[in-house]
Amino acid sequence: MKKAYSILLFLGICPVMVWAQGQECLPIRNIPFEQLSFKDGEQITFVANHTWAFRTAVGELTTTVYYREDQREKEPYFEALATVKTYPFFDRFFRIRDSYEARFKASNLRPLYFFRDINEGKYTIKNRYFFKEDYSIDARITRSNNRVKDTLMQGKSCTFDLMTLLYFARNIETSAMKVGEQLSLSFVIDEEMHDLHFRYLGTEQKRVPGVGTFQCKKFSATLVAGVVFTGKEEMLIWLSDDDNRLPIWLETPIVVGRVSARISKYEGLKFPLTSKIR
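Note that the structure is predicted; figures quoted are calculated from it, not measured.

What counts and how
Residues numbered from 1 in each chain as written. Predicted model: local features only at pLDDT ≥ 70, side-chain atom pairs only at ≥ 80, totals over all residues. Heavy atoms only, no water. Helix = DSSP H or I, 4+ residues; strand = E, 2+ residues; numbered from the N terminus. Buried < 20%, exposed > 50% of the residue type's maximum accessible area, 1.4 Å probe, protein only. Contact = heavy atoms within 4.5 Å. Areas by Shrake-Rupley, 256 points an atom, 1.4 Å probe, with all protein chains shown as cover. Pairing = 2+ DSSP bridges. Polar contact = N/O pair within 3.5 Å; in protein donor to acceptor, adjacent residues only side chain to side chain. Phe/Tyr/Trp six-rings, centres within 6.5 Å; stacked < 30°, edge-to-face > 60°. Lys NZ or Arg CZ within 6 Å of the ring centre and 35° of its normal.

1. Some remarks on the overall build of the chain
In terms of regular secondary structure, the chain is built from three helices and 15 strands. Counting every position in the chain, which comprises 278 residues, the buried fraction comes to 54%. Long-range pairs, those at least 24 residues apart, make up 55% of the contacts in the chain with a sequence separation of at least 6. For the chain, the accessible area works out to roughly 12700 Å², and carbon and sulfur atoms hold 49% of it.

Dropping the structure here:
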């Protein structure tokens with residue numbers, strides 16, 4: 001299950017990046033502050049489940065975002081923090097303790113800085129990225145035994161880190177989207193760039209046990225092949241159909257069984273959660 005939950009959760013709660021069909025990159029635009037789908041202090045928790053014969057909650061991810069004004073930066077920005085952890089019972093089998101930090105512009109949500117510290121079983125790695133105005137990325141990758149690799153990667157206007165992707169995605173205008181519209185999006189992890197392919201599937205109600213039933217917009221994403229995913233699966237994502245655009249649920253098959261994640265707690269929302277119908 002190496003890297004299953006952290007990558008699943010971040011790739012899963014992000015892929016709502018759909019725009020006019022045939023467009024390679026989403027356009028960068030300034031977003032009026034009052035129209036942003038989140039605000040300072042918003043916190044969301046997701047529970048990760050592994051299903052093989054029966055569904056078991058194995059861990060959780062929590063994200064928190066803060067508004068910052070700092071003289072070291074040229075303009076106001078947001079700072080987002082996240083942790084991923086397995087529950088104590090599953091620590092005995094495969095312990096996960098991951099942390100993330102991202103900074104991105106308040107004006108257009110473009111990434112500025114990203115740090116990822118991964119501790120999953122015996123696997124450890126750290127990513128530190130500095131994003132430049134020409135879309136290049138200064139990266140430092142620190143692997144086990146303190147092996148360090150410094151590299152310069154060339155991104156695109158639609159290249160994001162995993163954390164910034166979540167918040168940028170929630171501010172894409174989706175009201176005019178048509179079923180079947182799709183787009184490839186770029187993200188960076190370790191010292192590599194990857195493309196994800198997204199498709200809008202329409203609207204659907206989704207019931208979250210212990211939380212409620214939500215009117216959602218549904219998306220699919222074709223996943224990157226690797227240890228956990230074969231590259232043939234489609235992840236399904238449900239996003240709240242209101243101004244908050246909360247990630248509600250995601251699920252995908254993996255090599256053994258299925259992995260899903262569901263929203264379990266939320267606080268500090270900017271807008272009324274009108275998508276919750278019961």
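2. Here's the deal with the pairing of strand S6 (residues 123–131)
What you see with S6 is a clean split: Tyr123, Ile125, Asn127, Tyr129 and Phe131 sit on the buried side and Thr124, Lys126, Arg128 and Phe130 on the side with no burial. Across eight bridges, the pairing between strand S5 (residues 111–120) and S6 is antiparallel. When the sheet's bridge partners are listed, Tyr113 is paired in S6 with Phe130. Between the antiparallel neighbours S5 and S6 lie two residues, among them Gly121 with a positive phi of about 65°. In this sheet, strand S7 (residues 136–143) lies alongside S6 in antiparallel orientation, the contact comprising seven bridges. Across the sheet, residue Phe130 finds its bridge partner in S7, namely Asp138. What sits between the antiparallel neighbours S6 and S7 is a turn of four residues, in which Tyr135 has the positive phi angle 75°.

3. A look at the environment of Thr124
Here Thr124 is to be found in strand S6. Taking the C-alpha atoms as reference, Thr124 lies 8.6 Å from Thr142; in sequence the two are 18 residues apart. Excluding residues within four positions of it along the chain, Thr124 makes contact with Ile118, Asn119, Arg143 and Ser144. A polar contact is formed between the side chain of Thr124 and the side chain of Ser144, at a distance of 3.1 Å.

4. Looking at the packing of aromatic side chains
Taken as a whole and judged by the stated rule, the model has 16 aromatic pairs. Taking 6.1 Å as the distance between ring centres and 10° as the angle between the ring planes, the aromatic pair formed by Phe33 and Phe78 counts as stacked. Taken together, the residues Phe33 in the loop between helix H1 (4–13) and strand S1 (43–52) and Phe78 in strand S3 (residues 77–86) connect sequence positions 45 residues apart. The exposure class of Phe78 is buried, given its relative accessible area of 0%. Both rings, one in Phe89 and one in Phe90, keep their centres 5.1 Å apart while their planes meet at 90°; by these two values the pair is edge-to-face. Under the relative-accessibility criterion, Phe89 is labelled partly exposed at 47%. Over the ring of Trp249 we find Lys206, and its NZ or CZ is 4.7 Å from the ring centre.

Treat this as a map of the structure, not an account of what it does.
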